[in-house]
Amino acid sequence: MSEQTAAEHGRRREVPAGTYRLQVTADFTLDDAAAVAGYLADLGVTHAYSSPLLRSAKGSTHGYDTVDHAHIDEPRGGRPGFDRFVAALHQHGLGLVLDLVPNHMGVSDPAESAWWWDVLQHGRDSAHADAFDIDWDFGGGKLRIPVLGSADDVSELEVVDGELRYYDNRFPIAPGTEPSPAHPATPQEVHARQHYELIDWRRADDQLNYRRFFAINSLAGLRVEDPEVFRATHELIVQLVANGSVDALRIDHPDGLADPKGYLDRLGDATGHRWTVVEKILEGGEELPESWKTAGTTGYDALTEVDAVLVDPAGEAALTALDTEFAGKQVDYAQLVHDSKREVTDGMLGSEVARLHRIIGELPGVPAEAVTEGLAELLATFPVYRSYLPDGREHLEESVAAVKQRRPDLTAAVDALHPLLGTAGSELATRFEQTSGPVMAKGVEDSAYYRWSRFVALNEVGGDPARFGTTVGEFHEAQQRRAERRPASMTTLSTHDTKRSEDVRARLAVLAELPTEWAGLVRGWIDRHPLADRSLAHLVWQNLVGAWPLSRERAHAYVEKAAREAGTSTTWTDPAQEFEDQLHALVDAAYDDETTHAEIERFVARIAPFGWSNSLSQKLLQLTIAGVPDVYQGTELWDFSLVDPDNRRPVDYDRRRDLLARLDGGWVPPVDETGAAKLLVVSRALRHRRDSPAAFAGYTPVEVTGAAADSVVSFDRGGVVTVATRRPVHLADTGWGDTALHLHTGAWRDLLTGARVVSAAGGAPLAEVLAQLPVALLVRD
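Treat the numbers as computed from the prediction; the structure is a model and nothing was measured.

Asks: So, the overall build of the protein: which residues are in play, and what are the values?
Replies: Scanning the protein from terminus to terminus reveals 28 helices and 27 strands. Whereas a compact globule of 781 residues would reach a radius of gyration of roughly 28 Å, the protein reaches 27 Å, a difference of no more than 12%. Principal-axis analysis of the C-alpha atoms gives the protein an extent of 95 × 70 × 55 Å. Scored against the burial criterion, the 781 residues of the protein give a buried share of 61%. Partitioning the intrachain contacts of the protein with sequence separation of at least 6 by distance along the chain shows that 73% fall at a separation of at least 24.

In structure tokens, the structure reads:
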């Protein structure tokens, strides 16, 4: 190994300076990813950050449904494609962050998963029975598979080629139970002899006996806390880390694990304690347990902090009044969250609540229905995703107190449950912790966020829609804490799971500065194109304006998903055709009604430049605060994507290469529809983080004085100063005037434009610092 190669390999082993997320699929393979390695190096990241790559369910577009932990997924390129990808990264001095999924496996097609097939065939005697989280004692010792269209569909079963078939679904037959000439049997009789029972899919809500990822029946929970299960599911990953192919790790859904701390300890020991982040969503004021061996989270907390400082709190009253008008009453968001979570405990996750009750059994003097109701209320009231006892005990205490206050009739039940749920490491406490996260995710992210449309820019993963923006001072306090406590945590603005991309949110933030103008427009649209659910209509119009222009097909796909996730007027399991027809007619009107279409075009043209300003500001803030900044694929240019699958569309890398080459030729682009200005910000900030890490070692707010001081965010990381505009509509009315940035006296150079500014005794005039762009990245000249 040459000295240069050794140095590059050493750099790959350290904390990344910047990452770039790639969604590797059968349509964007590992060879396609290898082809952009040079571009990623030119952009300035130090690591590619890949979606899961282990063998996944056939046709998977995301990779979070692993069916075999021993192989790289063949449609994505297999092991040969992976090796070529890694070689290309290494050729350009880049490392690899790999996404791991330890919580669950894909089981939609049992024939694809050898472990699941063996469990179905041999039941408790299977060599892999302990790998899955199955309650064999419930259901008469049979694993329940919710696949039948109805209970009567058992009549559709067939025995074909030694397997039990239900249409295209294949299931194994246990040895000695198959029909033969000597012992003929109907398919129904064969089914009755198996270690599994095929049941009506509707029974999944309350009668399953295996743990799932959220309420997805085709993702079965793994018992990775078992050392042997850990070894078997991580053997290939450990090898890839040991041979230098994988340099760092991202852990999916640690909240599903029985013992996240123990898992991270074991993972660190097996992989040499590489830089590892966890997909953990923190509520306001919540911190990761200090004992976890992780650099931090995947960045939703940073996303919330950056977004919030660019939202003008002055718009809250007007937008709240508008929401109240559409909803017919003022929405109590806390109550909405509680009620949405109760729908989850009483519906799609009823099986998980029932399992908790089975563990408890009878409580002396407490009726069984009160136990179930008490569990459901505690889950619906839990203020964070989960606790990790003894860490987070205060959240259980808070939930207990709140339930007793709201439901005094449940006091006896809750008092009896409290010590049981607070016993760290017990089966009940652990399963309660594993359940509270899915209840929060489905009740809030996938329900309440679609039901409250006051200001959807805030309805983002990890966010709090009830908190309408923050002050610059609060932002600085949050970033100083970040720099002190989790300086190597990841930061992000867009992911494959965000509800809308960073640039959509940046444009929608403008509405907080123009609430009256927005209210007049959207009232007209809702009156002209009525929808029975006016709150949903408000959500739809906000998203259409945020992503405009978008194809009619994308718009129709989004509104259908949004309406069904909201579940107020139509649902996934019982679509309301008349309502959905009205909803799609509303979308068509945005394109076909001349007046509406013209108003949308004019309004978007008016707010787009302000949205671009917000986009550049939020991107520079994210790239330069403490942490490891990630760029989600394609977002180095404007990206106006909505929720998945819209945010997983192909990326035009040829266009990005061409624009980057022009920038490197000295072009300082205008802030326009090309998005080249964003690419300039991204590339220059990432390169400086890569090449001058010592310049990003601290965090000190920079003093700003003058009439427009509240329209800028500025801080010194220890050698480089970030300057970012906020409230651009307000600024357009006032201008910078006498506003000055109090830098150290002397000359400074903007890494983005090359412009030189001088800070004298009165500071550097913002009108000069931001003469070309709404952001600047300053170093001493």
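Asks: An account of the pattern of salt bridges is needed here, citing residue identities and associated values.
Replies: Tallied over the entire structure, the rule returns 70 salt bridges. Here Glu325 makes a salt bridge to Arg523, at a shortest N to O gap of 3.0 Å. Of the two residues, Glu325 sits in helix α11 (residues 316-327) while Arg523 sits in helix α20 (residues 515-528), which places them 198 residues apart along the sequence. Salt-bridge contacts for Arg684 lead to Asp664; the nearest nitrogen and oxygen are separated by 3.0 Å. Of this pair, Arg684 sits in helix α26 (residues 676-691) while Asp664 sits in helix α25 (residues 653-664), and the two are 20 residues apart along the sequence. Accessibility expressed as a relative area gives 15% for Arg684, which makes it buried. Classification of Asp664 by relative accessible area gives partly exposed; the value is 41%. A single salt-bridge network, built from bridges that share partners, covers Arg342, Asp346, Glu373, Glu377, Arg406, Arg407 and Asp409.

Asks: Outline the packing of aromatic side chains, listing residues and values.
Replies: On inspection of all chains with the given rule, the structure shows 20 aromatic pairs. Seen in terms of ring centroids, Phe382 and Phe432 are 5.9 Å apart; in terms of plane orientation they differ by 75°. Their pairing is edge-to-face. Remark: Phe432 occurs in helix α17 (residues 427-451) and Phe382 occurs in the loop between α14 (368-381) and α15 (393-406); sequence separation between them is 50 residues. Exposure remark for Phe382: the relative accessible area of 2% places this residue in the buried category. The buried category is assigned to Phe432, whose relative accessible area is 3%. Connected via pairs of aromatic rings, a cluster forms that spans Tyr20, Phe28, Tyr39 and Tyr653. The ring of Phe138 has Arg358 lying over it, and the distance from NZ or CZ to the ring centre is 3.8 Å. Sitting over the ring of Trp667, Arg662 keeps its end group 3.7 Å from the ring centre.

Asks: Give me unusual backbone geometry: which residues, what numbers.
Replies: Residue Pro390 is reached from Leu389 by a cis peptide bond, and omega for that bond is 10°. The topology assignment puts Pro390 in the loop between α14 and α15. Here the residue pair Trp548 and Pro549 is connected by a cis peptide bond, since its omega of 0° sits within 30 degrees of zero. Within the secondary structure layout, Pro549 lies in the loop between α21 (534-547) and α22 (552-566). Positive phi values are uncommon outside glycine, yet Asp161 reaches one of about 50°. Tracing the backbone shows Asp161 in the loop between β8 (158-160) and β9 (163-166). In this structure Asp161 comes out as exposed when scored by relative accessible area, which is 70%. With a phi close to 50°, Arg727 is a non-glycine residue in the positive phi region. Relative to the helices and strands, Arg727 is located in the loop between β22 (721-725) and α27 (728-734). Under the relative-accessibility criterion, Arg727 is labelled buried at 14%.

Asks: Help me get a handle on the sheet that holds strand β26 (residues 764-765), residues and values and all.
Replies: Pairing in this open sheet of three strands is antiparallel, and the strands run β20-β23-β26 from one edge to the other. Here the strands that pair on one side only, and so sit at the sheet edges, are β20 (704-705) and β26. Bridge count between strand β23 (residues 740-741) and β26: two bridges; the pairing is antiparallel. By the bridge assignment, Ala740 is partnered in β26 with Pro765.

Asks: Lay out helix α16 (residues 411-421) with the relevant residues and their values.
Replies: Taken together, the buried positions of α16 are occupied by Ala413, Val414, Leu417 and Leu421. For α16, the arc enclosing every buried residue in end-on projection is 90°, short of the 170-degree limit, so these residues lie on one face. Close packing links the buried residues of α16 with α13 (350-360), α14, α15 and α17.

Asks: Now, about the nonpolar core: what can you tell me, with residues and values included?
Replies: Leu22, Trp518 and Trp541 are the most contacted members of the largest nonpolar core, which totals 142 residues. With eleven residues, the single largest contributor to this core is helix α24 (residues 594-624). In this structure, Leu120, Phe132, Trp136 and Ala185 belong to the second largest nonpolar core, which totals 29 residues.

Asks: I'd love a proper account of the sheet that holds strand β16 (residues 296-297), names of residues and values included.
Replies: The sheet built from eight strands is open, its strands ordered β16-β15-β14-β5-β2-β1-β18-β17 with parallel pairing. In this open sheet, the two edge strands, each paired with only one partner strand, are β16 and β17 (490-491). Sheet topology note: the β17/strand β18 (residues 628-632) ladder contains two bridges and is parallel. The partner of Thr491 across the bridge, within β18, is Pro629. Taken strand by strand, helix α9 (residues 260-271) contacts β5 (95-100), β14 (248-251) and β15 (276-278), and its axis lies near 160° from that of β14.

About the cut-offs
Residues numbered from 1 in each chain as written. Predicted model: local features only at pLDDT ≥ 70, side-chain atom pairs only at ≥ 80, totals over all residues. Heavy atoms only, no water. Helix = DSSP H or I, 4+ residues; strand = E, 2+ residues; numbered from the N terminus. Rg over C-alpha atoms; globule rule 2.2 N^0.38 Å. Buried < 20%, exposed > 50% of the residue type's maximum accessible area, 1.4 Å probe, protein only. Contact = heavy atoms within 4.5 Å. Salt bridge = Lys/Arg side-chain N within 4 Å of Asp/Glu carboxyl O. Phe/Tyr/Trp six-rings, centres within 6.5 Å; stacked < 30°, edge-to-face > 60°. Lys NZ or Arg CZ within 6 Å of the ring centre and 35° of its normal. Pairing = 2+ DSSP bridges. Arc of directions from axis to C-beta. Core = buried A, V, L, I, M, F, W, Y, C linked by side-chain atoms within 4.5 Å. Axes fitted to C-alpha atoms, helices over the stretch in contact; angles between N-to-C directions.

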